[in-house]
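Here is how the chains run, residue by residue.
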Amino acid sequence: MGREVSESCVDGLLTEMVSTYCNRFYANKPELAARRIEAIGYQVGHQLSERYTMERPRFSDHLEAIKFICKDFWSELFKKQIDNLKTNHRGTFVLQDNRFRWLSRISVDPSLENGEAQDPSAVAESKAAQATSMHLYFPCGIIRGALSNLGIPCAVSADISNLPACSFVVRIKA
Amino acid sequence: MIVCVAVVGHQNNPLYIQSFTEEDDALKLHHIVHCSLDVVDERVNNPKKSGPTLNETFLGLLYPTENYKVYGYLTNTKVKFILVTTDLDVRDADVRNFFRRFHAAYVDAVSNPFHVPGKKITSKTFAERVSTIVKSFGLSSAG
């Protein structure tokens, strides 16, 4: 096939991308940084879906496309499949990955472990959550780009209420 | 002999069209490609006679005109590949093989970060790969 790079290079690139967009390009505008990162993910997902659907027959409905994302697409990207897929049968899907690879090395701030006073630790926790969530815009964009290329416009958001598990909520636009 | 290949996007916008004859018939070939898009849409939206081949990417012979045969291929991302050939006896396996290699070249061209999705493919590498695939069409049939 093509040439390969080591996974640590990709990890480093992603970390640096989030850091640059959040701290340098859009220093005090996290919403703009988030949108930009998500747009990069959109283009990557668009191109990756082109490559990974090459040898397959076409999908007959939305559920098959979502299952493709959960199984083959996720395996190509993260060497594992999505662990749990839920749907409300009305256009919303929740893809749960119990150990999301790109978050597996994010450290939890040790000052949270002390629990001295409620207020400072709550503030610190939300800052950690915000920092982590910036790293999730890229995979959300990838999912959105892949599904859009398969003809399914949607909105994707991430939920990190229990790390290292991560859930991606896909809402298909009617 | 292949006279024309074309890549058409999912909104029926042309992404790449290349003819391989010396004659000045480019317009006629473009017209043939354009007409074949309707046939592709009809094949995909009419499942009644397709049966088991409903979701296959290779659509087969779309329609024969007096001089040409037109073959179609529809990817998962609704991109259509059209092949126009003047050969009289073309083997199914050859055409499938052609489309498989063409699809691989297309995927590589689209993965270029400087390619804007929806705009025409301007990569010279893609053009070279396509002309290589076209030249080896039908020649590798050892049977």
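See above for the structure.
Residues numbered from 1 in each chain as written. Chains lettered and ligands numbered in written order. Predicted model: local features only at pLDDT ≥ 70, side-chain atom pairs only at ≥ 80, totals over all residues. Heavy atoms only, no water.

Draft legend 1. Quick peek at the packing of helix α2 (residues 30–52) of chain A against helix α3 (residues 62–78) of chain A. Residue and element names in this part refer to chain A. Between α2 and α3, the least distance of the axes is 11 Å, while the angle of their chain directions is 100°. Considering the angle they form, α2 stands roughly perpendicular to α3. On the side of α2, the interface is formed by G45, L48, S49 and Y52, while α3 contributes F68, F73, E76 and L77. Residue classes in the contact of α2 with α3 are distributed as five nonpolar, two polar and one charged. (Axes fitted to C-alpha atoms, helices over the stretch in contact; angles between N-to-C directions. Helix = DSSP H or I, 4+ residues; strand = E, 2+ residues; numbered from the N terminus. Parallel < 35°, antiparallel > 145°, perpendicular 65-115°, else oblique. Contact = heavy atoms within 4.5 Å. Nonpolar A, V, L, I, M, F, W, Y, C, P; charged D, E, K, R; others polar.)

Draft legend 2. Inspection of the pairing of strand β4 (residues 166–172) of chain A at higher detail. Residues and elements named next belong to chain A. Counting buried positions along β4 gives six out of seven residues, so the element sits mostly inside the fold. By the bridge criterion, six bridges tie strand β2 (residues 92–97) to β4 in an arrangement that is antiparallel. Looking at the pairing, V94 lines up with V169 of β4. Looking at chain direction, strand β3 (residues 154–159) and β4 are connected through six bridges and run antiparallel. Looking at the pairing, V156 lines up with V170 of β4. What sits between the antiparallel neighbours β3 and β4 is a turn of six residues. (Buried < 20%, exposed > 50% of the residue type's maximum accessible area, 1.4 Å probe, protein only. Pairing = 2+ DSSP bridges.)

Purely geometric numbers; function is a separate question.
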